[in-house]
Amino acid sequence: MNYEAKVKELCEGKKAFIRTFGCQLNENDSEKLAGMLQTMGYVISDDIRTADLVLLNTCAIRENAEKKTFGAVGLLKNLKEKNPALIVVMAGCMTGETHVMDKLRATYCHVDIVLGSNNIDAFPRLLYTYLYEKERVFDTEYAGVLPEGLPTYRQDKFRASVPVMYGCNNFCAYCIVPYVRGRERSRKAADIVREVETLRDNGYMEVMLLGQNVNSYQGGGDAFARLLQQVSDTGIPRIRFMTSHPKDISDAVLDVMASRDNICKALHLPVQAGNNRVLAAMNRRYTREKYLSIVEKAREKMPDIVLTTDIIVGFPGETNEEFADTISLLKAVRYDMIFSFIFSPRQGTPAANMADVLTAEEKKRNFDQLLQVQNQISKEKNLQLADKILPVLVEGRSKTDATMMTGRTDGGKIVHFKGDDGLCGRIVDVQIQTPKTWNLQGEIVCHSN
Ligand code: SAH
Ligand code: SF4
Ligand code: F3S
């Protein structure tokens with residue numbers, strides 16, 4: 001059955017609104033869900049009030065992400081009361097949690113269709129079932145094959161994300177992802193390369209290769225280094241990738257990065273904590289020393305590499321002394337930027353049942369200290385860029401100041417500068433004049449392409 005065509009018969013010209021929570025993998029799924037909706041005749045709209053279909057693509061990583069989502073689902077009830085024909089769809093990682101599914105079934109009766117993060121390709125069939133059989137549809141089953149060639153409605157004209165693998169096998173003690181996204185599955189290199197070539201041919205300047213742990217692509221070893229090489233061979237101007245797990249990143253990956261001009265010298269290498277007992281309790285499977293040796297190696301090969309990380313503050317059992325090791329690690333590495341989170345217990349993960357040593361207030365105090373230390377480092381690192389001339393990929397007008405353009409350096413730092421819309425999608429040389437903690441300001445010196 002051609003489900004798309006059958007849905008189109010009923011839905012041609014209707015409006016769909018999508019809201020995405022969570023990480024770039026979810027953003028990428030949303031672009032595919034939007035692509036499928038377009039194929040089924042829908043027009044993608046950014047006005048929720050006039051939409052005929054609202055899709056929430058959800059994230060389960062921390063409790064506040066779930067709270068926000070349930071808030072949004074609650075609001076949809078009013079919208080559906082005003083417009084009973086509204087179709088409400090829930091997708092994403094929260095639908096992989098049993099307690100969420102139970103709640104949706106029992107108390108959120110205005111949610112019509114629930115699909116999982118591993119069966120987005122089933123969306124046309126589920127929408128067909130809802131429209132023609134007139135019943136609520138709950139289906140989150142993975143069919144066993146990775147979908148290829150789904151239509152994609154890309155948000156951006158110059159930068160695109162390209163998943164290389166789905167799922168995660170690591171079971172870090174705090175993390176819900178392996179439960180809701182399932183085991184690792186890698187795409188074929190040929191499919192990835194073809195996608196990047198098409199993007200290149202369509203004028204895309206940058207791709208971000210995505211996976212929860214890209215270094216275990218196709219089971220690990222040097223497979224990811226080889227993939228990077230192949231993607232680099234396409235000649236697309238900029239390649240980034242995330243996330244790298246410190247236990248799996250190989251020398252070969254660092255070597256390929258160092259030897260290829262079109263692989264950005266930026267590495268996101270989540271450390272989570274600086275203390276070995278805490279790292280072991282988190283099931284991260286590397287030590288502080290091993291981590292620092294990777295950083296040293298990366299800097300030897302790429303002296304200007306931009307390093308970023310994720311940190312969890314207040315993992316159960318973490319003491320103030322152990323937390324001090326995270327602060328000292330920050331000072332030892334001197335990251336350009338960090339993403340930090342206070343531990344949030346996730347139902348079903350081992351850490352959810354571990355006992356705390358610190359109170360919520362102590363955790364908050366440590367969190368604030370972490371930010372303070374990092375802000376100083378970020379500022380100092382940016383100050384080192386004063387007067388330097390850096391190639392910047394122009395993204396568009398600055399959101400905070402419409403007279404300025406905004407773009408990113410090879411290392412991923414945001415730069416604001418004067419210019420015009422015609423520069424969008426081009427790489428220009430910008431001389432850095434005013435480095436700040438969170439961004440850089442500068443002036444164009446010449447166009448390098
Ligand atoms: N796959 C990536 C991270 C995915 S989740 C990796 O392994 O690094 C992004 C970040 O969210 C994690 O790096 C971690 O710092 C944070 N995180 C995950 N679960 C969390 C939890 N239960 N509480 C607080 N932060 C969490
Ligand atoms: Fe979660 Fe760990 Fe997998 Fe990252 S590697 S997604 S933190 S389980
Ligand atoms: Fe959230 Fe799922 Fe990503 S839990 S962070 S959307 S993989």
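Preceding this section is the structure that the text describes.
Everything numeric here is computed off the predicted structure, so don't read it as measured data. (Residues numbered from 1 in each chain as written. Chains lettered and ligands numbered in written order. Predicted model: local features only at pLDDT ≥ 70, side-chain atom pairs only at ≥ 80, totals over all residues. Heavy atoms only, no water.)

Caption draft 1: View of the overall build of the protein chain. Helices and strands together make up the secondary structure of the protein chain, namely 13 helices and 19 strands. In terms of overall dimensions, the protein chain is globule-like: its C-alpha atoms have a radius of gyration of 23 Å, near the 22 Å expected for 449 residues. In terms of overall dimensions, the protein chain has a C-alpha envelope of 60 × 55 × 40 Å along the principal axes. Within the span of the protein chain, comprising 449 residues, buried residues form 53% of the whole. Sequence separation of 24 or more characterises 73% of the internal contacts of the protein chain that already satisfy a separation of 6 or more. Taken as a whole, the protein chain presents about 19600 Å² of accessible surface, with 50% of it coming from carbon and sulfur. The protein chain carries 58 positive and 57 negative side-chain charges, and their two centres are separated by 2 Å. (Helix = DSSP H or I, 4+ residues; strand = E, 2+ residues; numbered from the N terminus. Rg over C-alpha atoms; globule rule 2.2 N^0.38 Å. Buried < 20%, exposed > 50% of the residue type's maximum accessible area, 1.4 Å probe, protein only. Contact = heavy atoms within 4.5 Å. Areas by Shrake-Rupley, 256 points an atom, 1.4 Å probe, with all protein chains shown as cover. Lys, Arg positive; Asp, Glu negative; His and termini not counted. Charge placed at Lys NZ, Arg CZ, Asp CG, Glu CD.)

Caption draft 2: Molecular detail of the side chain of Ser378. Within the secondary structure layout, Ser378 lies in helix H13 (residues 360-383). Only 2.9 Å separates the side chain of Ser378 from the backbone oxygen of Asp336, close enough to count as a polar contact. The contacts of Ser378, once residues within four sequence positions are left out, are Asp336, Met337 and Thr437. (Polar contact = N/O pair within 3.5 Å; in protein donor to acceptor, adjacent residues only side chain to side chain.)

Caption draft 3: Quick look at unusual backbone geometry. A cis amide bond, omega 10°, links Met242 with the succeeding residue Thr243. Structurally, Thr243 can be placed in the loop between strand S11 (238-242) and helix H9 (251-259). In the Ramachandran plot, Asn283 falls in the positive-phi region, its phi being about 60° despite a non-glycine side chain. Structurally, Asn283 is set in the loop between helix H10 (276-281) and helix H11 (288-301). In this structure, Arg334 takes a positive phi of about 55° despite not being glycine. Within the fold, Arg334 resides in the loop between helix H12 (320-333) and strand S14 (337-342).

Caption draft 4: Geometry of the layout of surface pockets. In this structure, the second largest pocket occupies an estimated 490 Å³ of space. In terms of lining, the second largest pocket is formed by 19 residues, of which the most central are Asp304, Ile305, Val306, Leu385 and Leu390. Among the residues making up the lining of the second largest pocket, the classes are represented as seven nonpolar, three polar and nine charged. (1 Å grid on protein atoms, 1.4 Å probe; cavity = no way out; pocket = protein on both sides within 12 Å on 5 of 7 lines; lining within 4 Å. Points joined across faces, edges and corners; volume = space filled by probe spheres on them. Nonpolar A, V, L, I, M, F, W, Y, C, P; charged D, E, K, R; others polar.)

Caption draft 5: The arrangement of empty space enclosed by the protein in detail. Scanning the entire structure with this criterion turns up one cavity of 30 Å³ or more. The computed volume of the largest cavity comes to approximately 100 Å³.

Caption draft 6: Up close: the sheet that holds S11. Read across the open sheet, the three strands follow the order S7-S10-S11; overall the sheet is parallel. At either margin of the open sheet sits one strand with a lone partner, and together these are strand S7 (159-163) and S11. Each adjacent strand pair in this sheet contributes to an overall mean axis angle of 20°, direction not counted. The sheet contacts of helix H7 (residues 189-201) involve S7 and strand S10 (206-210), and relative to S7 the element is tilted by about 170°. (Pairing = 2+ DSSP bridges. Axes fitted to C-alpha atoms, helices over the stretch in contact; angles between N-to-C directions.)

Caption draft 7: Spatial organisation of the pattern of salt bridges. A full pass over the atoms with the stated rule returns 28 salt bridges. Among the salt bridges present, the one from Arg238 reaches Glu206, with a minimum N-O distance of 4.0 Å. Of the two residues, Arg238 sits in strand S11 while Glu206 sits in strand S10, which places them 32 residues apart along the sequence. Like Glu206, Arg238 is buried. The residue Glu206 makes a salt bridge to Arg240 at a minimum N-O spacing of 2.9 Å. (Salt bridge = Lys/Arg side-chain N within 4 Å of Asp/Glu carboxyl O.)

Caption draft 8: Summary view of the sheet that holds strand S1 (residues 15-20). Here we have six strands laid out as an open sheet, ordered S2-S1-S3-S4-S5-S6, and parallel in their pairing. Of all strands in the sheet, those bounded by a partner on one side alone are strand S2 (43-44) and strand S6 (137-139). By the bridge criterion, five bridges tie S1 to strand S3 (residues 53-58) in an arrangement that is parallel. The residue of S3 that forms the bridge with Ile18 is Leu55. Contacting S1, S3 and strand S4 (87-92), helix H3 (residues 63-82) runs over the sheet at an angle of about 170° to S3. Of the strands in this sheet, S3, S4, strand S5 (113-115) and S6 touch helix H5 (residues 123-133), which is tilted by about 160° from S5.

From the geometry alone we can't say anything about function, so treat these as descriptive.
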